There are 2 protein chains.
Amino acid sequence: MIIRIIGSGLLGASLGLALTRMGRTVQLDDASELAAGLAQDLGAGKLAGPDSAEPDLIIVATPPETVADIVAEQLARFPHALVTDVASAKAQIYRSLTDKVGAAELSRYAGVHPMAGRERSGALAADADLFTGRPFVICPHPHSGKPVLRLVRELATDLGALPLTMAADAHDDAVARVSHMPQLVSSLLAARLEEADAGELDLAGQGLRDVTRLAGSDARLWSSIIAANTGPVRRVLSELHDDLTDLIAGLGQMQEEGDYRGISRVASVMTRGNAGAARIPGKHGGAQIRYAQIIVLVPDRPGELGRLLTDTGRIGVNIEDLTLEHSPSQPVGRAIMSVAPAQALPLTEGLEKLGWRIAANGEQLV
Amino acid sequence: MIIRIIGSGLLGASLGLALTRMGRTVQLDDASELAAGLAQDLGAGKLAGPDSAEPDLIIVATPPETVADIVAEQLARFPHALVTDVASAKAQIYRSLTDKVGAAELSRYAGVHPMAGRERSGALAADADLFTGRPFVICPHPHSGKPVLRLVRELATDLGALPLTMAADAHDDAVARVSHMPQLVSSLLAARLEEADAGELDLAGQGLRDVTRLAGSDARLWSSIIAANTGPVRRVLSELHDDLTDLIAGLGQMQEEGDYRGISRVASVMTRGNAGAARIPGKHGGAQIRYAQIIVLVPDRPGELGRLLTDTGRIGVNIEDLTLEHSPSQPVGRAIMSVAPAQALPLTEGLEKLGWRIAANGEQLV
């Protein structure tokens, strides 16, 4: 099985690393020789040349706006190869392909979307384990043949990813809602901090950091991701825009008319937010689970967190989630540990016996 | 020093616990005897009664809409006591007080805002360490006397908090921007998940979880927090609304007119978001620090994370931040560790020698 990967960015190079590790022959091709050379040096495969063998599978991992042309070109150039692409929006690419390619050739193509991005980009951030345990969406189309669908499913499984099948339009709507809208909302919020006084930002807490973490993403990469999915993104953002307009009207009603009923619009957004957040699937892909949360004060010294978790392991408790939170200017951190509810009491008692200070405990939906 | 705390919710009960722990005499007063009794049982103080001694300091920790009336009442009832309140917005309370109370009495009052909320509420979530290392804003006003300002500053220091002085209006603008707007934006975003198909939500990643974490907050509590700060919240949300309108127009320009320049509005929001996010102060209250990020694959079994962190401690590296991320349906987690850049290489090499699998490493602004 010879696999050619076109594009040596984060996804292309990560695919190359993972496939090489499992013994596949990987050919690397990139308009930038520098980028392909870097991916080769990292161990993602060998540069494709004029003498390279014909590939069995071609994976197009180039910027979204270039994908349809490259897929069409590869289908024509290698009449026996199967072709896929890993762009993060699928419907525009498919529509564009139907203009360029006949049904017979199209049967050798199916697009996929491994949901495995990160805030960093480029081959240097590549990671053979990038796809492990992540959803890997396969988008069949009316002309897609069984061989290509079977092969991309095998690819997903080989990568340790979770294959899911969705129509291209449904996929694009879904990523607009769960990925593209959150990214843009995080950026819009962070953009409003640009003109804040430094004194205002001294009051920032963990909540602001969480909500704006995505705002650190690569602006150029994300502009082209959004450009490839304008319709669905515009639709979900317009819905959010309507809700925001209504919320601001409620605030005006309270502020200008002293009408306390305006607050019901705030309460409504908050309550709907509670319900929406509760629908996000929990850890381990299962139904939402309630975990107990235990907060332990940890001195900010090497080894202290290790000591805490060794103690936790000795008590026999498995930690489901862990976050370390530093208080500003304080030499003490808070380790926020989520555990199964039945383990909360034994853990709290066990840790207290061993001299740990427990700051609080409670329950949290994750 | 006798301190009376009016209101036995999260803040009142946490103050009672902290002050009792440091040997102060705390009297608890709440319109609900049940709530005050619960706080007493938790060790937050003794119920105030008709025979209680006169307090030296009264801390009003009731819902925002009740604060001004209660402060005025307490100033009149105890003519030698100093009075403060811990509501999360200050200007409306002060304006309301100037209608009820003369300048001489007002000199015994100054409002404060300990920035120490959490997603849970009520006495049961109380925590004597809630204020440790958190900003504690003191809002002087034209009539506030030195004794009350000195006493609330001592209170902040005693609690291990970081006292900051700001005018009430500046404070309210700041919390609108760094706390109230992020809360509402997170709720608005999560509200848009209510009508998503379950299949769409299967594609949710860590980014969506981060951005919607705040959306789990208590709807009733937050409605009254927002109601007490409508003007500043409405102003910052309107600015965000304008940016969102512009972004949607850019998407429309691309979608309907095929005008690729519309993407520049997306790029502009992303770039401004990068800049805004970079302004959020880093850990330890210092200037923003770059940390190296190391991702280690951790089997999902008791003790594994402890073993990882014990190994890390042995290598002599101090972890600045740690997040554990589970992949859906996979028995393996990713521990994302942030360390000082100079420690990244020794840590990576040390862990690999000890048999750990490092998924990727890079740099991140925190």
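Here the residue numbers are simple positions, counted from 1 along each chain's written sequence. Ligands are numbered from 1 and chains lettered from A, in the order in which they are written. With pLDDT at 70 or above as the cut-off, local features in this predicted model cover only qualifying residues; side-chain atom pairs require 80 or more to be listed or tallied, and sums for whole chains, interfaces and linings still use all residues. To get the side-chain values, take all heavy atoms of the structure and skip hydrogens and water.

### A closer look at the interface of chain B and chain A
The cut-off we apply is this: Contacts: residue pairs with any heavy atoms within 4.5 Å of one another. Buried area is a sum: the accessible area each of two parts loses on coming together, probed at 1.4 Å, counted once for each and added. Any carboxyl oxygen of Asp or Glu that lies within 4 Å of a side-chain nitrogen of Lys or Arg is treated as forming a salt bridge with it. The term polar contact refers here to a pair of N or O atoms within 3.5 Å; inside protein, the definition further demands a hydrogen-donor-capable atom paired with an acceptor-capable atom, and it admits residues adjacent in sequence only when both atoms are side-chain atoms. Here a helix means four or more residues in a row that DSSP labels H or I, a strand means two or more in a row labelled E, and each is numbered from the N terminus.
Between chain B and chain A, the contact holds 141 residues from the first and 141 residues from the second. Summed over both partners, the interface of chain B with chain A buries about 12,300 Å², with 61% contributed by carbon and sulfur atoms. At the surface where chain B touches chain A, the tally comes to 14 salt bridges. For R357 of chain B, the salt bridge goes to D129 of chain A, with nearest N and O atoms at 2.6 Å. Viewed at the interface, chain A and chain B are joined by 32 residue pairs in polar contact (both at pLDDT 80 or more). Considering each element in turn, the side of chain B that touches chain A owes the most residues, 20 residues, to helix 11 (residues 230-257) of chain B.

### Considerations on the relation of the copies chain B and chain A
One chain copy maps onto the other through a rotation about an axis and a shift parallel to that axis. To keep things clear, this is the line we draw: Copy-to-copy alignment: least squares on C-alpha atoms, limited to residues at pLDDT 70 or above in both.
When chain B is brought onto chain A, the operation consists of a screw motion whose angular component is 180° and whose axial shift is 0.0 Å, with 0.1 Å RMSD remaining. The operation mapping one copy onto its partner corresponds to a two-fold rotation axis. With an isologous cut-off of 70% or more, the 100% of interface residues of chain B that recur at the interface of chain A puts this contact in the isologous class.

### Some remarks on helix 4 (residues 91-100) of chain B
Residue and element names in this part refer to chain B. The criterion, for reference: When accessible area is computed with a 1.4 Å probe and restricted to protein chains, residues below 20% of their type maximum are described as buried, those above 50% as exposed, and intermediate ones as partly exposed. What the arc describes is the spread of directions from the helix axis to the C-beta atoms.
Residues A91, I93, Y94 and L97 constitute the buried set of helix 4. Projected onto a plane normal to the axis of helix 4, the buried residues spread over an arc of 160° and lie on a single side. Where helix 4 is buried, its residues meet helix 3 (64-77), strand 5 (82-85), helix 5 (103-106) and helix 7 (168-191).

### Comments concerning a nonpolar patch on the surface
Defined as follows: Within the patch definition used here, like charges are joined within 9 Å and nonpolar side chains (Val, Leu, Ile, Met, Phe, Trp, Tyr) within 5 Å, considering only residues with over 30% relative accessible area and no salt bridge. The method behind every accessible area is Shrake-Rupley, applied with a 1.4 Å probe, and residues are considered shielded solely by the protein chains displayed.
Where nonpolar side chains cluster on the molecular surface, the patch consists of L38, L42 and L124 of chain A and spans about 270 Å² of accessible area. Of note, L42 of chain A is situated in helix 2 (residues 33-42).

### Some words on the environment of V339 of chain B
In this fold, V339 of chain B is placed in strand 11 (residues 332-339). Ignoring any residue separated from it by four or fewer positions in sequence, one finds V339 of chain B in contact with Y291, A292, V317, N318, I319, A344 and L347 of chain B.

### Digging into the pattern of salt bridges
What the rule picks out here adds up to 41 salt bridges over all chains. For E256 of chain A, the salt bridge is made with R234 of chain B, and the minimal N-O distance between the two is 2.9 Å. In this pair, E256 of chain A sits in helix 11 (residues 230-257) while R234 of chain B sits in helix 11, so the two residues belong to two different chains. What makes E256 of chain A exposed here is its relative accessible area of 59%. Across the pair R314 of chain A and D311 of chain A runs a salt bridge, and its minimum N-O distance is 3.5 Å. Remark: D311 of chain A and R314 of chain A occur in helix 13 (residues 304-315); sequence separation between them is three residues, near one turn of the helix.

### Regarding the sheet that holds strand 7 (residues 135-139) of chain A
Residue and element names in this part refer to chain A. Selection criterion: Note: two strands are recorded as paired if DSSP finds a minimum of 2 bridges between them. Axis definition: a line fitted to C-alpha atoms, over the contacting stretch in the case of helices. Angles run 0 to 180 degrees between N-to-C directions.
One open sheet holds the three strands; their spatial order is 6-7-8, and the pairing between them is mixed. With one partner strand each, in any of the chains shown, strand 6 (111-114) and strand 8 (162-165) form the two edges of the open sheet. Across the sheet, the axes of successive neighbouring strands diverge by a mean angle of 25°, strand direction being ignored. Strand direction decides the pairing type here: strand 7 and strand 8, joined by four bridges, are parallel.

### Concerning the confidence of the model for chain A
All names here are of chain A. Short version of the rule: You can read pLDDT as the predictor saying how much it trusts each residue, on a scale of 0 to 100.
On average, residues of chain A score 88 in pLDDT, and 92% of them are at 70 or above. In the model, residues 283-288 has pLDDT below 50 throughout and makes 25 contacts with residues more than four positions away in sequence or in other chains. Residue range residues 362-366 is modelled with pLDDT below 50. Its contacts to residues more than four positions away, or to other chains, number 24 contacts. Two summary scores accompany this predicted model of the complex, namely pTM at 0.79 and ipTM at 0.78.

### Comments concerning the sheet that holds strand 8 (residues 162-165) of chain B
Sheet strands associate in pairs through backbone hydrogen bonding, adopting either a parallel or an antiparallel arrangement. Residues and elements named next belong to chain B. Strands sit in the order 6-7-8 across an open sheet of three strands; the sheet is mixed. Of all the strands in the sheet, the pair left with one neighbour each is strand 6 (111-114) and strand 8. For this sheet the average axis-to-axis angle between neighbouring strands, irrespective of direction, equals 25°.

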